[in-house]
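If you want the building blocks of each chain, they are given just below.
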Amino acid sequence: MKSIILKQHDILALKEGRKTQHRGVVKFNKRLVKDFFDDKSASESSPYKIGELVKVNELIAGTFGCKKTPANFVKRAFSLTLEITGVRVERVQDISEQDAILEGVESWLDFLPNDFRKLRGILCDNYHAIQYRQMWQSINGKDSWEANPWVWVLDFIAHNKNIDEVINEKA
């Protein structure tokens, strides 16, 4: 049974029904590089497969030590399960406005009254993508956006249930 580790803001977006997509940096290996250069579908090498059920864990800071090092983080399991519906590879900077919304990103413009929402297009037509860039840099480092890494893009249906419950329902 596979699991995926998400941060607190991702868990909140999942629970609120705002997140149905996730990006993670591709970790290259010989087979994956061969897939890229042979022009094959790189999604065959994805750590997650379409139709697969994945348990969600949250990465939270531990109370030991003052630095946020990997040893100071703990995983907490939730009753959340992702059902993978799509897998693709792209550069992180290729994220569209719609994809940034599917990532669960919110912007201050989302909180304007309906009468003012028409300002979105006037002020900025890609404000969710801009917010996503800022979030990416806060998680992965200041220069991470400019590096423009390859990322797995996972589309999914979030089930607010334990993975065993989802398996039993599908049986």
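Residues numbered from 1 in each chain as written. Predicted model: local features only at pLDDT ≥ 70, side-chain atom pairs only at ≥ 80, totals over all residues. Heavy atoms only, no water.

1. Considering the overall build of the protein chain
Part 1 of the argument: Secondary structure summary: the protein chain contains seven helices and five strands in total.
Part 2 of the argument: Counting helices and strands in the order they occur from the N terminus, the protein chain gives β-α-β-α-β-β-α-α-α-α-β-α.
Part 3 of the argument: Taken over 171 residues, the protein chain has a buried fraction of 37%.
Part 4 of the argument: Within the protein chain, counting contacts between residues at least 6 apart in sequence, those at least 24 apart form 75% of the total.
Part 5 of the argument: By element, 54% of the accessible surface of the protein chain is carried by carbon and sulfur atoms, the whole surface being about 10,400 Å². (Helix = DSSP H or I, 4+ residues; strand = E, 2+ residues; numbered from the N terminus. Buried < 20%, exposed > 50% of the residue type's maximum accessible area, 1.4 Å probe, protein only. Contact = heavy atoms within 4.5 Å. Areas by Shrake-Rupley, 256 points an atom, 1.4 Å probe, with all protein chains shown as cover.)

2. Focus on the packing of aromatic side chains
Part 1 of the argument: The final tally for this structure, using the stated rule, is two aromatic pairs.
Part 2 of the argument: With a centroid separation of 6.1 Å and an interplanar angle of 35°, the aromatic rings of Tyr 132 and Trp 136 are classed as tilted. Pair noted here: Tyr 132 and Trp 136 are both in helix α5 (residues 127–140), with a separation of four residues, about one helical turn.
Part 3 of the argument: Given a relative accessible area of 3%, Tyr 132 falls into the buried group.
Part 4 of the argument: With 6.5 Å between their ring centres and 65° between their planes, Tyr 132 and Trp 145 make a pair best called edge-to-face. Pair noted here: Tyr 132 is in helix α5 and Trp 145 is in helix α6 (residues 144–147), with a separation of 13 residues, a long-range link. (Phe/Tyr/Trp six-rings, centres within 6.5 Å; stacked < 30°, edge-to-face > 60°.)

3. Remarks on the confidence of the model for the protein chain
As a note on interpretation, predicted positions should not be read in detail where pLDDT is low.
Part 1 of the argument: For the protein chain, per-residue confidence averages 79 on the pLDDT scale, and 69% of positions sit at 70 or higher.
Part 2 of the argument: Taken element by element, the protein chain is modelled with least confidence in helix α2 (residues 30–37), mean pLDDT 55, and with most confidence in α6, mean pLDDT 96.
Part 3 of the argument: Segment residues 69–73 is flagged for pLDDT under 50; beyond a separation of four residues in sequence, or across chains, it makes 12 contacts in the model. (pLDDT = per-residue confidence, 0-100.)

4. Re the layout of surface pockets
Part 1 of the argument: Taken as a whole, the largest pocket holds about 690 Å³ of empty space.
Part 2 of the argument: For the lining of the largest pocket, the secondary-structure elements that each account for two or more residues are β1 (3–6), α1 (8–15), β2 (21–25), α5 and β5 (150–159).
Part 3 of the argument: Sorting elements by how many residues they give to the lining of the largest pocket places α5 first, with five residues.
Part 4 of the argument: Of the residues belonging to the lining of the largest pocket, the class tally is 14 nonpolar, five polar and six charged. (1 Å grid on protein atoms, 1.4 Å probe; cavity = no way out; pocket = protein on both sides within 12 Å on 5 of 7 lines; lining within 4 Å. Points joined across faces, edges and corners; volume = space filled by probe spheres on them. Nonpolar A, V, L, I, M, F, W, Y, C, P; charged D, E, K, R; others polar.)

5. A short note on the pattern of salt bridges
Part 1 of the argument: Overall, the coordinates contain 14 salt bridges when judged by the stated rule.
Part 2 of the argument: The residue Asp 10 makes a salt bridge to Lys 19 at a minimum N-O spacing of 3.4 Å.
Part 3 of the argument: Relative accessible area serves as the criterion here: at 6%, Asp 10 is assigned to the buried category.
Part 4 of the argument: One continuous salt-bridge network, built from bridges that share partners, spans Asp 10, Lys 19, Arg 23, Arg 88, Glu 90, Asp 99, Glu 103 and Asp 155. (Salt bridge = Lys/Arg side-chain N within 4 Å of Asp/Glu carboxyl O.)

6. Points about the environment of Lys 27
Part 1 of the argument: As for its placement among the helices and strands, Lys 27 is situated in the loop between β2 and α2.
Part 2 of the argument: With a relative accessible area of 71%, Lys 27 lands in the exposed category.
Part 3 of the argument: Sequence separation between Lys 27 and Pro 47 is 20 residues, and the spatial gap between their C-alpha atoms is 9.8 Å.

7. Regarding unusual backbone geometry
Part 1 of the argument: Residues other than glycine seldom take positive phi values, yet Asn 148 does so here, at roughly 50°.
Part 2 of the argument: Residue placement: Asn 148 occurs in the loop between α6 and β5.
Part 3 of the argument: The buried category is assigned to Asn 148, whose relative accessible area is 17%.

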